[in-house]
Amino acid sequence: MKRAHRLEEIQRLAPEHDFEQIHRAERGRGPVGNTSASSTALDIGRPVGPGKIAVMSHVSAGSGRGRPPDPDLQARVFAATLDLYAEVGWARFSLDVLARRARVGKAALYHRWGSKEKLIVDALADRRERMPKLVETGSLRSDLVAMARHILADLLGHDGLLVLRAQVEAKVYPDLFGREMERVIRWRTGIGRPIVLRAVDRGELPRETSPALILDAVAGILTNHVLSTPADKLPDLAKAGDVYTERIVDFVLAAARIGPVSPHPPSTEAEGSIG
């Protein structure tokens, strides 16, 4: 009886709250709608002034009365994370700046990822998972050209250089990014190594060919060329990308098929004669 009078008094002083629903929940009969009895509670504070009582009603996330989940949250946060990391790197990466860019609360970032390191690693892993798959063509040259064009497009893309930044910082901060970069390397090796091994089986390359040398040569030339090209010339490189990647692949394959060159070619009798 006293509680009923108390609720009536609170409702008179704070009519904006749905006390009928709260009262039903607390009696175990369940509130109006789909909210469970355990999801709604009433906090009655001390008096805060003449004729005023502090009242707060809390509805849990599962009650259907809170903010609905944002289906685009992860994609939006990951995109903003990659952009910001590409611009400033790990040391200057700020969750305050990220929260503003991604239009999300900073507390939500901490709740879901815990730290900026975990967030950056997860964003890099998500990017790796979304990379397009290469289709085998049955020809070593065609496979390597397709791979080279994929690498060049990635390097010239919106966030291509951030992987290079992550690779460098993985050496500086191995505890932060080392493990994810190892996964990136294994992923790349898993794509490129079979291309070379299949070519060896088809007789397109000598048996002693090293897959690592072939792949490093193609990727290394492309990476070095992009880094060495002035910014105002990069659009021209993108336009000539198809031709340039073919030239690189042909150059690498020519070297691979020639095989090792002896540093000391055998001398002939004519070269050793004096008269």
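This text follows the structure it describes.
If you're wondering where the values come from, they're calculated on a predicted model, not measured in any experiment.

**Q** Go over the overall build of the protein chain, please, and point to the residues and values.
**A** Of regular secondary structure, the protein chain possesses 13 helices and two strands. Per-residue burial over the protein chain gives 35% buried out of 275 residues. Contacts spanning at least 24 positions in sequence make up 57% of the contacts within the protein chain whose residues lie at least 6 apart. Carbon and sulfur atoms form 55% of the exposed surface of the protein chain, whose accessible area is close to 17,300 Å².

**Q** I'd like to hear about the packing of aromatic side chains, residue by residue, with values.
**A** Where two aromatic rings form a pair, the distance of their centres and the angle of their planes describe that pair. By the definition in use, this model includes two aromatic pairs. Measuring from ring centre to ring centre gives 5.7 Å for F78 and W113, while their planes differ by 55°; the resulting arrangement is tilted. Pair noted here: F78 is in helix α3 (residues 73-88) and W113 is in helix α5 (residues 106-113), with a separation of 35 residues, a long-range link. Across the pair, exposure class does not vary: F78 and W113 are buried alike. With centroids separated by 4.6 Å and ring planes inclined at 50°, the aromatic side chains of W90 and Y173 adopt a geometry described as tilted. With W90 in the loop between α3 and α4 (95-102) and Y173 in the loop between α8 (161-172) and α9 (174-201), the pair connects residues that are 83 residues apart, well separated along the chain.

**Q** Go over unusual backbone geometry, please, and point to the residues and values.
**A** Phi is positive for R103, which is not a glycine, with a value near 55°. Summarising the element assignment, R103 is placed in the loop between α4 and α5.

**Q** Please give an account of the pattern of salt bridges that cites residues and values.
**A** Going through the model one piece at a time under the given rule, you end up with 16 salt bridges. Between R127 and D154 there is a salt bridge whose closest N-O contact spans 2.5 Å. Separated by 27 residues along the polypeptide, R127 in helix α6 (residues 116-129) and D154 in helix α7 (residues 140-156) bring together distant segments of the chain. Neither R127 nor D154 differs from the other in exposure class; each is buried. In this structure, D242 engages R149 in a salt bridge whose closest nitrogen and oxygen atoms are separated by 3.4 Å. Taken together, the positions of D242 in helix α12 (residues 241-258) and R149 in helix α7 put the pair 93 residues apart, joining distant regions of the chain. On the accessibility criterion, D242 (45% relative accessible area) is partly exposed. With a relative accessible area of 31%, R149 lands in the partly exposed category. Each member of the salt-bridge network shares a partner with another, and the members are R141, R149, D242, E246 and D250.

**Q** I'd like to hear about the layout of surface pockets, residue by residue, with values.
**A** Estimated volume of the largest pocket: approximately 880 Å³. Together, 36 residues line the largest pocket, and Q167, V184, I185, R188 and A219 are the ones closest to its centre. At the level of elements, α6, α7, α8, α9 and α10 (211-228) are the ones that each hand at least two residues to the lining of the largest pocket. For the lining of the largest pocket, the class distribution of residues is 20 nonpolar, eight polar and eight charged.

**Q** Please set out the packing of α4 against α5 residue by residue, giving values where relevant.
**A** Packing of α4 against α5 leaves a shortest axis separation of 9 Å and a crossing angle of 110°. Taken together, α4 and α5 sit at an angle that is classed as roughly perpendicular. Here L95, D96, L98 and A99 of α4 come into contact with α5, specifically with K106, L109 and Y110. A per-class count over the contact of α4 with α5 returns five nonpolar, no polar and two charged.

**Q** Got a sec to walk through the nonpolar core? Specific residues and values, please.
**A** Among the nonpolar cores identified, the biggest contains 29 residues, and V77, Y85, L98 and L109 are the most heavily contacted of them. Among the secondary structure elements, those contributing two or more residues to this core are α3, α4, α5, α6, α8 and α9. Counting residues per element, this core draws most heavily on α3, which supplies eight residues. Dropping the residues within four chain positions of it, L109 is found in contact with V77, L95, L98, A99, V104 and G114. By size, the runner-up hydrophobic cluster in this structure holds 26 residues, among which are L140, V196, Y244 and V252.

Rules behind the numbers
- Residues numbered from 1 in each chain as written.
- Predicted model: local features only at pLDDT ≥ 70, side-chain atom pairs only at ≥ 80, totals over all residues.
- Heavy atoms only, no water.
- Helix = DSSP H or I, 4+ residues; strand = E, 2+ residues; numbered from the N terminus.
- Buried < 20%, exposed > 50% of the residue type's maximum accessible area, 1.4 Å probe, protein only.
- Contact = heavy atoms within 4.5 Å.
- Areas by Shrake-Rupley, 256 points an atom, 1.4 Å probe, with all protein chains shown as cover.
- Phe/Tyr/Trp six-rings, centres within 6.5 Å; stacked < 30°, edge-to-face > 60°.
- Salt bridge = Lys/Arg side-chain N within 4 Å of Asp/Glu carboxyl O.
- 1 Å grid on protein atoms, 1.4 Å probe; cavity = no way out; pocket = protein on both sides within 12 Å on 5 of 7 lines; lining within 4 Å.
- Points joined across faces, edges and corners; volume = space filled by probe spheres on them.
- Nonpolar A, V, L, I, M, F, W, Y, C, P; charged D, E, K, R; others polar.
- Axes fitted to C-alpha atoms, helices over the stretch in contact; angles between N-to-C directions.
- Parallel < 35°, antiparallel > 145°, perpendicular 65-115°, else oblique.
- Core = buried A, V, L, I, M, F, W, Y, C linked by side-chain atoms within 4.5 Å.

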